[in-house]
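# An overview of the molecular structure
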Amino acid sequence: MMTCRFSGLVFLGLLSSILLMGSTGYAGEESSESYEGETITVTSRKVEEKIKDVPASLSVFDGMMIKDNKIGGIDELTYFVPNLSFDKLNTHETTLSFRGIGGLPSMNKVWLINVDGVAIPYVALDTFLDTERVEVLRAGQGALYGRNTQAGVVNIITKDPGETPEFEGGISYGSYNTMEARAIFSTPLTDQSGLRASFKASSSDGYFENDFYNADDTNDDTQYTGALKYTHRAGDSDIELSVFADSYDSGYDTLVPLSEGPSYHTRNNETGKNKGSHVTPILTFNREMGIGTLTTVTSYTDSEYEILADFDFTEKDIFVFGYEENYNTFSQEARLAGKTGNVSWLGGIYGMYEELDLRTDMTFGQDAPQMQGMTMQQMSTVDTVNVAAFGEVKWDFASRWQWAGSLRANYEKKDLDWNGPMDTSLDMDEDWSALLPATSLTFAVNDENNVYTAISTGYHAGDYSANQVQKELVEQVVDPEYAVTYEIGWKSELMDKRLRANAAVFYTDWRDMQVNVTSPGGDGGMAISRRENAGEAHSIGFESDVSFRPVQGFELYGALGIIDIEFDDYEINKSTGTNLEGNKIPNTPEYKFTLGSTYFFNGGFFMNGSASFVGKTYLDEYNKVEQDPYTLMNASVGYETERWTARVYGKNLLDEEFYVHHFNGAGRAGDPLMVGAEVSVRL
């Protein structure tokens, strides 16, 4: 480990040396007086508007920023977003915690990742291939986005075809035999239509070593990602057809007992598997009408996910867990947006049908203390129908004042067909209705500064514990849970938009939490743990983000999040009366502070670096497993011309050791020091 830290220091020294080379000016040496920043337009509220005019905590990253910082997955993006953290279960499955909501390891997803306006139910949706921008909305977004947006929304917007032909291709190689190849092609087809295609292939041996098998590739990984987009614009109408696809295959050999600390050495006798794939076509249609703009979005997703994991975390043959899921999801949204006088409005309807097939296998090996050689299995199907009507009104009722109100009426019905061990079965159906409001008030202090106050509602749909293998756990249905966020914020665009600064304080009231509760077994049997609406929590926090471009080619950015989130009531064990009131929500750092910069020098050299300081984090509800504060430093340096780019990069340059996941007395260590080089060409 000392060698790794020394390598990181050598890399930092190399960066410093290049920084002091003969290139002394920035590329594009206009004075700060002559340089004006760009206007950032977002679609986080389903219509185009300036980022400064959105009365919500919203972080936006363009494709260049993602590329400069070599952000390869959603987990790496979280370091640049205030009060957004992650729990990385395996190589491809990452869950997010927005201001602490989503931090419970036993909880289903309470946030969405949307690609070009469509929520895709796929665990490995963590690559930013050919991205135009990423928008991260924090707090409940139920009024406009509906189900399972209690914590927030991540919107990924991909690039459209350009007006001229273009091609970009690149390759990279890094630590642990990590390789990547990518290609992007775009061309106009006619004056009104164009085509864009992108593809990426990657592979790695992984950084975990299995001491039982004396192997360093038991967590190896391959992944293929592709996208195709066709656009046609004619007169008052435009149509867009996109297809996204992904496939990956890796091991599941990452969990190590906590007693060994964050470690990259496993002893699992079953190295496991982790496989997934998805294909999603999306058809979007826009038409300018006399009353406003009509938009329809039609999508279908077929996604699969399969894992096999050694959950005793030892070389003994005790317990292996297998799980499979297959989503078939069809959705349709239609909305009309316009403006009448000083009132902007939006109205829409939404419908979704989803079939989810699940399979769970729990196998007890020959070394198990009981049930040796036995397998408990469930196979189930959950059919979901969701329909909703939603709308928003923005009223400029006085000079510099705007009030906005949103409302969504949501209905959801779920049918369950479950088959478990010993010919047990269940056939159930439940339905839930919800009204999800939001409101905000904005005051434009001047052309550069806005202040706002907002109230938003988040909603997590009711559900079955269909993946369980015990009937008494499955038949316990949980109702929806809700979170209401109260927020006051400030947004600014200063110095001709070269300096952007935002800040917000918030309070969230979280009720009817879907949590695991241990209860006495019937007729004196063993205690059982099942999901119930049995928790309450609250959070209070502050967050801020800043970006500053004093001259072209030079950017500074920073993000700060501070949060205190704790249970108000959570009787986790009814057998013992244990209540976790006052405990902190897990997977939520007390603070996170990131600073970064990108420099482009005359002569073609460029440099990028960032440092993230992450505060103390509890990894379990009992607050017995604690991750100490750590610092993550990343950097890259390279040379760029009009036709090609070459650079070297390093991640976790201080070789910090930290956890990114905890489960049942074991943990997964975060990425160690990694270095590499890449080359790309443009035509």
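Structure first, text after, so check above.
Residues numbered from 1 in each chain as written. Predicted model: local features only at pLDDT ≥ 70, side-chain atom pairs only at ≥ 80, totals over all residues. Heavy atoms only, no water.

This brings us to the overall build of the chain. When helices and strands are counted, the chain shows 5 helices and 39 strands. Computed over C-alpha atoms, the radius of gyration of the chain comes to 25 Å, within 12% of the 26 Å expected from 2.2 N^0.38 for 683 residues, which places it in the range of a compact globule. Expressed as lengths along the three principal axes of its C-alpha atoms, the size of the chain is roughly 80 × 60 × 50 Å. Of the roughly 28,300 Å² of accessible surface on the chain, 56% is carried by carbon and sulfur atoms. Computed over 51 positive and 103 negative side-chain charges, the separation of the two mean positions in the chain equals 6 Å. (Helix = DSSP H or I, 4+ residues; strand = E, 2+ residues; numbered from the N terminus. Rg over C-alpha atoms; globule rule 2.2 N^0.38 Å. Areas by Shrake-Rupley, 256 points an atom, 1.4 Å probe, with all protein chains shown as cover. Lys, Arg positive; Asp, Glu negative; His and termini not counted. Charge placed at Lys NZ, Arg CZ, Asp CG, Glu CD.)

Located in the positive-phi region is Met 371, a residue other than glycine, with phi close to 60 degrees. Within the secondary structure, Met 371 is located in the loop between strand E21 (343-364) and strand E22 (375-398). Phi is positive for Asn 623, close to 60 degrees, though the residue is something other than glycine. Structurally, the position occupied by Asn 623 is in the loop between strand E33 (617-618) and strand E34 (626-627).

What follows covers the sheet that holds strand E38 (residues 666-669). Hydrogen bonds between backbone atoms are what pair the strands of a sheet, whose relative direction is either parallel or antiparallel. In space, the 3 strands of this open sheet follow the order E16-E38-E37, with antiparallel pairing throughout. Edge strands, defined here as strands with exactly one partner in the open sheet, are strand E16 (256-257) and strand E37 (659-663). Sheet analysis places E37 next to E38, joined by 4 bridges and oriented antiparallel. Bridge pairing in E38 links His 662 to Gly 667. (Pairing = 2+ DSSP bridges.)

Turning our attention to the environment of Phe 663. When you line up the elements, Phe 663 lands in strand E37. With 419 residues separating them in the primary sequence, Phe 663 and Phe 244 have C-alpha atoms 32 Å apart. Aside from chain neighbours lying at most four places away, what touches Phe 663 is Leu 255, Phe 311 and Phe 313. (Contact = heavy atoms within 4.5 Å.)

Let us look at the pattern of salt bridges. Pairing between side chains of opposite charge can happen when their charged atoms approach one another. The final tally for this structure, using the stated rule, is 45 salt bridges. When the shortest N-O distance is used, the salt bridge between Arg 45 and Glu 49 registers 2.8 Å. Classification of Arg 45 as buried rests on a relative accessible area of 8%. Among the residues examined, Glu 49 registers a relative accessible area of 10% and is labelled buried. One salt bridge connects Glu 536 with Arg 511, and the closest N-O pair in it is separated by 3.8 Å. With Glu 536 in strand E28 (residues 528-551) and Arg 511 in strand E27 (residues 499-519), this pair connects stretches of sequence that are 25 residues apart. Connected through shared salt-bridge partners, Lys 70, Glu 180, Arg 182, Lys 200, Arg 647 and Glu 678 make up one network. (Salt bridge = Lys/Arg side-chain N within 4 Å of Asp/Glu carboxyl O. Buried < 20%, exposed > 50% of the residue type's maximum accessible area, 1.4 Å probe, protein only.)

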